[in-house]
Amino acid sequence: MNDIVLNLAVIRQRIGAADLIAVSKTQPLEAIIEALAAGQRKFGENRVQEAERKFLLLRPRFPDIELHLIGPLQTNKVRDAVALFDVIQTLDRPKLADALATEIRASKRDPRLSIQVNIGNEPQKAGIAPEALPAFLAYCRAERGLTISGLMCIPPQSLDPRPYFNKMRALADTHKLPHLSMGMSADFEMAVECGATEVRVGSAIFGQRLTQENA
Ligand SMILES: *Cc1c(COP(=O)(O)O)cnc(C)c1O
């Protein structure tokens, strides 16, 4: 049994009923194919063009792939993103909501949308501030007619993530959002304990990334 297959099996066992999003950014096709052979179908990518390069090739063979955008989305990439991704987890500003609404209407595609929350209020990090979430949700829904079904976060590095995960769980409950995306290789078990419905795991499946990433 090779590493990717084994890693997937171990992680699946540890996350119970939560969904596993295999984060395949920077990984070569061969690694993704190994994961596919092991039954993995949900994948996360950070960049639209990199995801196109890899998944447009794989989709015809594996039509049940569910592709998640988990990296920042520029408005000039919205058309390509809506065409490719099944789930967009990084909605975080009104301009992006405007562009998504326009493109979803025009393309008749209907990607599931989640809002990224900057749960640690970190100045350098993407995501809507927790205090601004109610108004932003209302904007997306009432002003732009978008269906929002989840939240995602990346908690501050090198702090105990559990208080942040718990805050996210409370926000998802308050706003009755069924999908809660949190937890990465270092903390996915804690995230599941705190109520994550999906975890985004990269290096614990595929090994260390060798190339630069934009996380
Ligand atoms: C890269 C990345 C992950 C996966 O990180 P690992 O630590 O390799 O598991 C999860 N979420 C986001 C948003 C990422 O950019």
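Peer 1: Help me understand the pattern of salt bridges in this model?
Peer 2: Oppositely charged side chains may form a pair once their charged atoms are brought near each other. A full pass over the atoms with the stated rule returns 14 salt bridges. Two residues, Asp64 and Arg41, come together in a salt bridge whose shortest N-O distance is 3.1 Å. With Asp64 in the loop between helix H3 (48–58) and strand E3 (66–69) and Arg41 in the loop between helix H2 (29–37) and strand E2 (42–45), the pair connects residues that are 23 residues apart, well separated along the chain. For Asp64, a relative accessible area of 47% puts it in the partly exposed group. Where salt bridges share partners, they join Asp19, Lys42 and Glu66 into one cluster.

Peer 1: Looking at this structure, I do not really get the environment of Pro72. What am I missing?
Peer 2: Among the structural elements, Pro72 can be located in the loop between E3 and helix H4 (78–84). Judged by its relative accessible area of 44%, Pro72 is partly exposed.

Peer 1: What's the story with the packing of aromatic side chains in this structure? I'm lost.
Peer 2: Geometry of an aromatic ring pair is reported as the spacing of the ring centres plus the angle between the planes. Going through the model one piece at a time under the given rule, you end up with 1 aromatic pair. A ring pair is formed by Phe43 and Phe55, whose centres lie 5.5 Å apart and whose planes are at 50°; its orientation type is tilted. With Phe43 in strand E2 and Phe55 in helix H3, the pair connects residues that are 12 residues apart, well separated along the chain. You can call Phe43 buried: its relative accessible area is 0%. For Phe55, a relative accessible area of 0% translates into the label buried.

Peer 1: I tried to follow the nonpolar core on my own but got confused; where do I start?
Peer 2: Generally speaking, soluble globular proteins have nonpolar side chains that are buried together. In terms of nonpolar packing, the biggest core is built from 62 residues, with Phe43, Leu91, Leu100, Ile115 and Leu151 touching the most fellow members. Contact partners of Phe43, with chain neighbours within four places excluded, come to Ile21, Ala22, Ser24, Ile32, Ala35, Leu36, Phe55, Ile65, Glu66, Leu67, His68 and Phe206.

Each value, and the rule that gives it
- Residues numbered from 1 in each chain as written.
- Predicted model: local features only at pLDDT ≥ 70, side-chain atom pairs only at ≥ 80, totals over all residues.
- Heavy atoms only, no water.
- Salt bridge = Lys/Arg side-chain N within 4 Å of Asp/Glu carboxyl O.
- Helix = DSSP H or I, 4+ residues; strand = E, 2+ residues; numbered from the N terminus.
- Buried < 20%, exposed > 50% of the residue type's maximum accessible area, 1.4 Å probe, protein only.
- Phe/Tyr/Trp six-rings, centres within 6.5 Å; stacked < 30°, edge-to-face > 60°.
- Core = buried A, V, L, I, M, F, W, Y, C linked by side-chain atoms within 4.5 Å.
- Contact = heavy atoms within 4.5 Å.

Everything listed here is a matter of coordinates, which is why it stays silent on function.
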